Amino acid sequence: MSTFIEQIRTRAAAKRRRVVFPEGTDERTIRAAATLQQKALVEPILLGPIDHIRRALEQAGADADRIAVFDPGKDERRDEFNRVLYDLRKHKGMTLAEADERVTDALIFGALLVRTGEADASVAGAVRTTGDVMRAAFWCIGPAQGIKTVSSAFYMVVPPFRGTADAEVLTFTDAAVVPYPDATQLADIAVAATEARRRIVGDEPRVAFLSFSTKGSAEGPSIDTVRQAFALYRERMPDVAADGEL
């Protein structure tokens, strides 16, 4: 049986999505793009100084001519993207001049490539902060329909610990975006993680709401939040195996 990671790679190769990497001069990003191209998993797009990045790609063993590289400050779509960003942010007071400056930021430019359908995803965070990456996504793409709380999830492959022969995949959420969620947000996060688990891992989720209390063994405001979140989650997803607080 193929592993979870092998399954992800097989699915990626079948789709060959266009993935933009805004941090195009970062060494890890260069190596990742080279590997992705060599293994035909995605079609990478790198942002930054074109000549510098192409030389680095060649040194990393990539066929640099087959990888798209764009310089946000010199790209012919700058005026178009300037207008798109202005239209998205003018209600927040952004001016055309500010949009013209912001659009040269590789994170913003990469997010606008996704917004306009010229890329399927943007991957960043090797150099820039989580806050910077999330801000670009909020400004230029926004949440999926029906999502009020934007959150993150980690998929961790661990050795079998429940008597199974195969490694297991655990989802942890939210560990990066919402540091102190209220009950409604926590329920939203759990719903989003449940739906993502089905798409990404492909199994039927079993959900635990974690706390330092187990079923009333302790009391406190954070425990009350977890209990309320679990109740809200149960109302929205009654057919999912779930429990808490644990």
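Structural data are supplied above this passage.
What comes next concerns the included structure. (Residues numbered from 1 in each chain as written. Predicted model: local features only at pLDDT ≥ 70, side-chain atom pairs only at ≥ 80, totals over all residues. Heavy atoms only, no water.)

## A few points about the overall build of the chain
Inclusion rule: Helix numbers and strand numbers start at the N terminus; a helix is a DSSP run of H or I with at least 4 residues, a strand a run of E with at least 2. The cut-offs for exposure are 20% and 50% of the maximum accessible area for each residue type, with area from a 1.4 Å probe on protein chains only; residues under the lower value are buried, those over the upper are exposed, and the others partly exposed. Residue contacts are defined here by distance: any two heavy atoms, one from each residue, within 4.5 Å place the two residues in contact. Under the counting rule used here, the positive set is Lys and Arg, the negative set is Asp and Glu, and His together with the chain ends is not counted. A charge is said to be at NZ when it belongs to Lys, at CZ for Arg, at CG for Asp and at CD for Glu.
Looking only at helices and strands, one finds 9 helices and 8 strands in the chain. When burial is assessed residue by residue, the chain has 36% of its 246 residues classed as buried. Long-range pairs, those at least 24 residues apart, make up 59% of the contacts in the chain between residues at least 6 apart in sequence. Positive and negative side-chain charges in the chain, numbering 33 and 36 respectively, have mean positions lying 2 Å apart.

## Some points on the side chain of R89
To be explicit about the condition: Any Lys or Arg side-chain nitrogen located within 4 Å of an Asp or Glu carboxyl oxygen qualifies as a salt bridge.
You can see R89 is positioned in helix α4 (residues 78-89). Comment: no salt bridge for buried R89; closest opposite-charge side chain is E98, at 7.8 Å. Those residues in contact with R89 that sit more than four places away from it in its chain are M94 and W139.

## Examining the nonpolar core
Note the following rule: As used here, the term nonpolar core means buried Ala, Val, Leu, Ile, Met, Phe, Trp, Tyr and Cys residues forming a set that is joined through side-chain atoms within 4.5 Å.
V20, L47, L85, I108, L112, L113 and C140 are the most contacted members of the largest nonpolar core, which has 20 residues in total. Every element with two or more residues in this core is listed here: β2 (43-47), α4, α6 (106-115) and α7 (130-140). Ignoring anything within four residues of it in the chain, the contact list for C140 reads L85, L88, I108, A111, L112 and R115. Formed by 16 residues, the second largest nonpolar core is a distinct cluster that contains V19, V42, I53 and A62.

## Overview of the sheet that holds strand β4 (residues 121-122)
Worth spelling out the cut-off: Paired strands, as defined in this entry, are two strands with at least two bridges between them according to DSSP. Lines fitted to C-alpha atoms define the axes, with helix axes restricted to the stretch in contact, and inter-axis angles between N-to-C directions lie between 0 and 180 degrees.
On the basis of which strands lie adjacent, the open sheet formed by 4 strands has the order β3-β2-β1-β4 and parallel pairing. Here the strands that pair on one side only, and so sit at the sheet edges, are β3 (68-70) and β4. Bridge analysis of strand β1 (residues 18-21) against β2 gives 4 bridges, and the strand direction is parallel. For R18, the partnering residue across the bridge sits in β2 and is E43. Packing against the sheet, helix α3 (residues 50-59) makes contact with β2 and β3, and its axis sits at approximately 150° to β3. On the sheet, α6 packs against β1, β2, β3 and β4 and is oriented at approximately 145° with respect to β2.

## Topic: unusual backbone geometry
The residue after T173, namely D174, is reached through a cis peptide bond having omega -15°. Its location among the elements puts D174 in the loop between β6 (168-172) and α8 (183-200). E245 follows G244 through a cis peptide bond whose omega is 0°. By the element assignment, E245 lies in the segment after β8 (241-244). Backbone geometry at K215 places phi at a positive 50°, although glycine is not the residue there.

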